[in-house]
Structure formats: C-alpha cells, structure tokens
Amino acid sequence: MFKINGIWWKLYFVSPNDPMLFRSDGSLTLGACDNEINTIFINKELDDELFKKVLCHEIVHAAMFSYGVKLSLYREELLADLIATYGQEIIQITNEIFSMIV
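Residues numbered from 1 in each chain as written. Predicted model: local features only at pLDDT ≥ 70, side-chain atom pairs only at ≥ 80, totals over all residues. Heavy atoms only, no water.

> Any chance you could explain the overall build of the protein here in plain terms?
Scanning the protein from N- to C-terminus turns up two helices and four strands. Listing each helix as α and each strand as β along the protein from the N terminus yields β-β-β-β-α-α. In terms of overall dimensions, the protein has C-alpha extents of about 50 × 30 × 30 Å along its principal axes. For the protein, with 102 residues in total, the buried portion stands at 27%. Sequence separation of 24 or more characterises 50% of the internal contacts of the protein that already satisfy a separation of 6 or more. Within the structure as shown, the protein displays about 7,200 Å² of accessible surface, and the carbon and sulfur contribution to it stands at 59%. Taken together, the 8 basic and 14 acidic charged side chains of the protein have centroids lying 6 Å from each other. (Helix = DSSP H or I, 4+ residues; strand = E, 2+ residues; numbered from the N terminus. Buried < 20%, exposed > 50% of the residue type's maximum accessible area, 1.4 Å probe, protein only. Contact = heavy atoms within 4.5 Å. Areas by Shrake-Rupley, 256 points an atom, 1.4 Å probe, with all protein chains shown as cover. Lys, Arg positive; Asp, Glu negative; His and termini not counted. Charge placed at Lys NZ, Arg CZ, Asp CG, Glu CD.)

Written out as structure tokens, the structure is:
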C-alpha cells in the first residue's frame with residue numbers, strides 16, 4: 001500500500017487476462033487504476049522496463065484522482081504517458097539546473 005495526498009492505494013500484480021485488465025470496450029490493457037476502490041492492477045508478466053513504465057502511468061492516474069484533477073480521458077492518458085515515458089528525464093534535468101542555481 002502507498003499513500004497519495006492522504007489517500008491509501010493498493011497495488012496488485014495480476015495475471016495477463018485478469019478481469020480488472022479489461023477495458024469497458026473489451027480490449028485488454030497492461031495496467032488499470034480503479035478510483036472507486038483505490039487500487040492499481042498491473043499485469044505480473046511484464047519485463048522490468050515495461051513494468052516500471054506501466055506502474056508510473058497508473059500512479060499518475062492515482063495521483064490525479066487523489067488530487068481531484070479532472071481531465072478528459074484523452075488528456076489524462078496523454079499526461080500519464082508523458083510522465084511515464086519522460087518523467088525521470090524531466091526530474092533529472094530539473095535537479096541538475098536547480099543544483100547549479102541554488
């Protein structure tokens with residue numbers, strides 16, 4: 001379990017065909033964030049690199065729910081993908097610049 005903005009979230013590693021990984025349109029996903037039960041589900045058969053990206057993506061969704069950020073589904077997915085793909089680089093650059101000016 002982990003906490004975001006005072007809200008506890010659970011994390012489960014599930015089989016690739018777990019019902020929680022099916023979207024409303026019937027397609028299968030690698031991870032899912034359920035804000036009604038504050039739970040993230042992630043396919044347990046992902047390699048480490050993909051697992052980390054999917055985990056970050058789903059944590060971004062959890063953070064948006066926990067902080068009351070309301071975006072369209074399209075924009076929410078774009079933001080989660082941006083942070084999951086480039087977040088570490090953005091934070092690294094920020095820290096490097098910050099350390100030079102402080």
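> Even after reading the chapter, I still don't get the nonpolar core, so can you show me in this structure?
Among soluble globular proteins, nonpolar side chains are generally buried collectively. Counting residues in each nonpolar core, the largest one holds nine residues, listed as I4, W9, C33, I40, I42, L46, V54, L55 and A62. Per-element accounting of this core gives the leading share, three residues, to helix α1 (residues 48-66). Not counting chain neighbours up to four residues away, the residues in contact with I40 comprise F2, W9, K10, L11, Y12, A32, C33, E58, I59 and A62. (Core = buried A, V, L, I, M, F, W, Y, C linked by side-chain atoms within 4.5 Å.)

> How should I be thinking about the side chain of E76 in this particular structure?
Tracing the backbone through its elements, the reader meets E76 in helix α2 (residues 73-101). In this structure, E76 is buried with no salt-bridge partner, the nearest side chain bearing the opposite charge being K70 at 8.8 Å. Residues in contact with E76, not counting those within four places in the same chain, are H61, M64, F65 and L71. (Salt bridge = Lys/Arg side-chain N within 4 Å of Asp/Glu carboxyl O.)

> Could you clarify how one ought to interpret unusual backbone geometry in this entry?
Excluding glycine, residues mostly have negative phi values, and the peptide bonds linking residues are mostly trans. For N5, which is not a glycine, the phi torsion comes out positive at approximately 50°. Counting through the fold element by element, N5 comes out in the loop between β1 (2-4) and β2 (7-14). Phi angles above zero are rare outside glycine, and N38 is one such case at about 50°.

> Help me understand α2 in this model?
One turn of an α-helix holds 3.6 residues; hence residues three or four places apart share an orientation. At Y86, α2 shows its strongest bend, of approximately 65°. Every buried residue belonging to α2 is among E76, A80, A84 and G87, and all of these are buried. Tucked inside the fold, the buried residues of α2 contact α1. (Bend = angle between axes of the 7 residues up to and from the residue.)

Function-wise, these values are silent; they only describe arrangement.
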